[in-house]
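Now for the letters of each chain:
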Amino acid sequence: MKKLTILAILLVGFVQAAFSQESKGSDLPQWIKNFKVSGYGMLQYQYEDAEGADHNEFNLRLLRFIVDGKIGDVDWRAQVQGTNAKGPGEPTVQLVDLYAEWVKHKEFRLKVGQFKRAFTFENPTHPITQGWYSYAMVVNNLSGFGDRAGEKSSGGRDIGIQVQGDVLPNSAGRPLLHYQVGVYNGEGINRKDKDHRKDVIGGLWVMPVKGLRIGAFGWTGSHGGMTALVTDPINASTTTQVDIGSVGLNRYCLSAEWDKDEYTFRTEYIHSQGWGVAPGQAGKGGTLIDYSNGDKADGWYVFGIVPVIKSKLHAKARYQTYRQAKDWDSSKTMYEVGLNYFFSKNMQLNFEYGLVNNRSLAKHNHNFLDLEFDFRF
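What comes next is a walk through the structure. Keep in mind that what you see is a predicted model, and the values were worked out from it rather than measured.

**Describing the overall build of the chain**
Helix and strand counts for the chain stand at three helices and 18 strands. Taking 377 residues into account, the globule formula puts the C-alpha radius of gyration at 21 Å, and the chain, at 22 Å, falls close to it. Its C-alpha atoms give the chain principal-axis dimensions of roughly 80 × 50 × 50 Å. Among the 377 residues that make up the chain, the fraction classed as buried is 46%. When contacts within the chain are restricted to residue pairs at least 6 apart in sequence, those whose partners lie at least 24 apart make up 56%. Of the charged side chains in the chain, 43 are positive and 40 negative, and the gap between their average positions amounts to 5 Å.

Okay, here's the thing in structure tokens:
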């Protein structure tokens, strides 16, 4: 953690020094002039009155420092994150992005390093422009955030290589088709491949009119180092945790989105086949398989964000469901409404109320409130 913090400070200091020299008229190389430093912070208050799991707290949701650059036809990015990922009072600082992408041709771009997986429309959206207190539950659980499969919370990222491009331009030059295919370790950020078997993820979408995307994604891979509890055949009260190696993972996603003139509507359905981990281990690098929930899960969401006052005030509504065992007894559903107020393009205040129906709780229904202040620099 200390090393990453020092690295972020050094990067910012180096860039400031470089631009200071530039202001004095020094003839700097173009790659130095292409440096861009940015970042953002997200401060949060939440209230939830779920029986036995109620909370009422302020939270430092996220802080990120970003350095972007360009060397010839190659774009690159380094991004460091500070967050209460482990919970309030347990901050985590880590490298989340480090990649380079060859961008000479829009029809074929090549990216290598650590970056967002090529899965779902929602995963690669910016946490602020995404517009809600969090990504949809199904995206969080089945796209590498706090993943059902036990993978350490990785913000939808992994280490690998990806090709993507926009093809089939219409008469106005606007592409009608986008493709992307990536090969990844399958372990999330800052982690080596445990079983030396790679995840392959791909996506394809059409853009028949400006603002509209309709697409599908597929994901096949595995998780290594998984364990299971085995009951002693003689003494049923005795169990042993044994290594069972790799567990397969197969997922698909169907997506549609309209995003134009400050109107955003999006819906996605995700299906997953592959064992999940024991309760409390999801998103923490857990390895103990939970057979009680079966090997299938799914979920969906649909939302709309519309301008009430252009560039100033947006209203929003979202319906979402996640089913941990692909049945209604394991489902959690949220009905949400809210407002996003923009002080400026770099500062906003978000509010939302949600009615939650969680079938895993004795009292299914409860209330949820979230207030968030976000800023960019």
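This is not the end of the story, as more comes after the structure.
**Looking at the pairing of strand β8 (residues 199–206)**
Here strand β7 (residues 175–184) pairs with β8 via eight bridges, running antiparallel. Within the sheet, the bridge partner assigned to Y184 lies in β8 and is D199. Relative to strand β9 (residues 212–231), β8 runs antiparallel, the two being bridged by seven bridges. In the strand pairing of β9, G203 is matched with F217. Between β8 and the antiparallel strand that follows it, β9, lie five residues; G211 among them carries a positive phi value of about 100°.

**Concerning the packing of aromatic side chains**
On inspection of all chains with the given rule, the structure shows 24 aromatic pairs. The interplanar angle of 85° and the centroid separation of 5.1 Å between the aromatic rings of Y341 and F343 together place this pair among those described as edge-to-face. F343 gets classed as partly exposed once you look at its relative accessible area, which sits at 42%. A network of ring pairs unites the aromatic residues F65, Y341, F343, F373, F375 and F377 as a single cluster. Here K111 stacks its cationic end above the ring of Y99, 4.6 Å away from the centre of that ring.

**What to know about the nonpolar core**
With 31 residues, the main nonpolar core has F119, V138, V139 and I270 as its most contacted residues. Within the residue set of this core, elements represented by two or more residues are α3 (137–142), β8, β9, β10 (239–260) and β14 (296–309). Those residues in contact with V138 that sit more than four places away from it in its chain are S143, I270, D298, G299, W300, Y301, T321 and Y322. Residues L28, V67, W76 and A78 belong to the second largest nonpolar core, which totals six residues.

**Some details on the pairing of β7**
Alignment of strand β6 (residues 157–169) against β7, held across nine bridges, turns out to be antiparallel. Considered in β7, the bridge of Q164 is made with Q180. Hairpin remark: β6 followed by β7, antiparallel, with five residues in the connecting loop; positive phi at G173, about 90°.

**Side note on the side chain of N340**
Summarising the element assignment, N340 is placed in strand β16 (residues 331–344). You can call N340 buried: its relative accessible area is 3%. Once you skip the residues sitting within four places of it in the chain, N340 turns out to touch G131, K312, L313, H314, K316, L349, N350 and F351.

**Quick word on a nonpolar patch on the surface**
A cluster of nonpolar residues, W102, F108, L110, V112, I161, V181, V183 and V200, forms a patch on the protein surface that exposes about 580 Å² of accessible area. Secondary-structure elements contributing two or more residues to the nonpolar patch are β5 (108–116) and β7. The greatest single-element share of the nonpolar patch, amounting to three residues, is contributed by β5.

**Observations concerning the pattern of salt bridges**
Taken as a whole and assessed by the stated rule, the structure comprises 18 salt bridges. Put simply, E151 and R117 hold a salt bridge, and the shortest N to O gap is 2.8 Å. One end of the pair, E151, is in the loop between α3 and β6; the other, R117, is in the loop between β5 and α3, and 34 residues separate them in sequence. Its relative accessible area of 4% is what places E151 among the buried residues. Where R266 meets E257, a salt bridge forms, and the shortest distance between an N and an O atom there is 2.6 Å. Residue R266 shares its accessibility class with E257, and that shared class is buried. Several salt bridges converge on common partners, so that one network encompasses E122, R213, E257 and R266.

Thresholds, definitions, all that
- Residues numbered from 1 in each chain as written.
- Predicted model: local features only at pLDDT ≥ 70, side-chain atom pairs only at ≥ 80, totals over all residues.
- Heavy atoms only, no water.
- Helix = DSSP H or I, 4+ residues; strand = E, 2+ residues; numbered from the N terminus.
- Rg over C-alpha atoms; globule rule 2.2 N^0.38 Å.
- Buried < 20%, exposed > 50% of the residue type's maximum accessible area, 1.4 Å probe, protein only.
- Contact = heavy atoms within 4.5 Å.
- Lys, Arg positive; Asp, Glu negative; His and termini not counted.
- Charge placed at Lys NZ, Arg CZ, Asp CG, Glu CD.
- Pairing = 2+ DSSP bridges.
- Phe/Tyr/Trp six-rings, centres within 6.5 Å; stacked < 30°, edge-to-face > 60°.
- Lys NZ or Arg CZ within 6 Å of the ring centre and 35° of its normal.
- Core = buried A, V, L, I, M, F, W, Y, C linked by side-chain atoms within 4.5 Å.
- Patch = residues over 30% accessible without salt bridge, like charges linked within 9 Å, V, L, I, M, F, W, Y side chains within 5 Å.
- Areas by Shrake-Rupley, 256 points an atom, 1.4 Å probe, with all protein chains shown as cover.
- Salt bridge = Lys/Arg side-chain N within 4 Å of Asp/Glu carboxyl O.

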